[in-house]
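Working through the structure, step by step
Residues per chain are reported as follows:
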Amino acid sequence: PGFAPPAAGYPPQQPGAPQGYGGAPPGHAGMPQPPQQQQAVSQAPPLPHPILFLENVPHSADSEAVAGLFRAFMGYKEVRMVPSRPGLAFVEFENEMQSGVAMQRLQGVDMQGQALKITFSRS
């Protein structure tokens, strides 16, 4: 038995593809395609940054209460509350190493009955 040429119309022609091209590289016709990758930006954790982003800050907490937690860490500069969004705050340090130490030590700490969620700021 010899080699038989492929049947006419194989591989199937895709609209807009050059004549004789079925849309898959040679040897790959009919193979499953990998899923489209999600945008890495939306799922990647923020890069280290001198400013920390706090979530789940008790609504009754003021900047002095938040500063009381972070002031003990080297490089602490200031706290900025977000008046239009209760429960959010930013804490600035001199550099990302200092903010990283504070984030590791205070991640999930109980503040007035609520666990703080701390990440590096994206800005």
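These lines cover the structure that appears in this document, whether it is placed above or below. (Residues numbered from 1 in each chain as written. Predicted model: local features only at pLDDT ≥ 70, side-chain atom pairs only at ≥ 80, totals over all residues. Heavy atoms only, no water.)

1. Some thoughts on the environment of V82
- Mapped onto the elements of the fold, V82 is located in the loop between β2 (76-81) and β3 (89-93).
- The exposure class assigned to V82 is buried, which follows from its relative accessible area of 18%.
- For the pair V82 and S63, spaced 19 residues apart in the sequence, the C-alpha separation amounts to 9.8 Å.
- Apart from residues no more than four positions distant in its own chain, V82 is found in contact with L88, A89 and F90. (Helix = DSSP H or I, 4+ residues; strand = E, 2+ residues; numbered from the N terminus. Buried < 20%, exposed > 50% of the residue type's maximum accessible area, 1.4 Å probe, protein only. Contact = heavy atoms within 4.5 Å.)

2. Notes on unusual backbone geometry
- Of note in the backbone geometry, N56 takes a positive phi value of approximately 65° without being a glycine.
- Residue classification places N56 among the partly exposed residues on the basis of a relative accessible area of 38%.
- A positive phi angle, near 55°, is found at Q112, a position not held by glycine.

3. Comments concerning the sheet that holds β2
- Spatial ordering of the open sheet is given by β2-β3-β1-β6, a layout of four strands whose pairing is antiparallel. The outermost strands of the open sheet, each flanked by one partner alone, are β2 and β6 (117-120). Averaged over all pairs of adjacent strands, the angle between their axes in this sheet comes to 25°, without regard to strand direction.
- Across four bridges, strand β1 (residues 51-55) lies against β6 in antiparallel orientation. Within β6, the position partnered with L54 by the bridge is I118.
- Packed onto the sheet, helix α2 (residues 63-70) meets β1, β2, β3 and β6 and runs at close to 150° relative to β2. (Pairing = 2+ DSSP bridges. Axes fitted to C-alpha atoms, helices over the stretch in contact; angles between N-to-C directions.)

4. Side note on the pattern of salt bridges
- In the structure shown here, the tally under the stated rule is five salt bridges.
- We note a salt bridge from E55 to K117, for which the minimum N-O separation is 3.6 Å. In this pair, E55 is assigned in strand β1 and K117 in strand β6, connecting sequence segments 62 residues apart.
- On the accessibility criterion, K117 (45% relative accessible area) is partly exposed. (Salt bridge = Lys/Arg side-chain N within 4 Å of Asp/Glu carboxyl O.)

Read these as layout, nothing more, since geometry by itself doesn't imply function.
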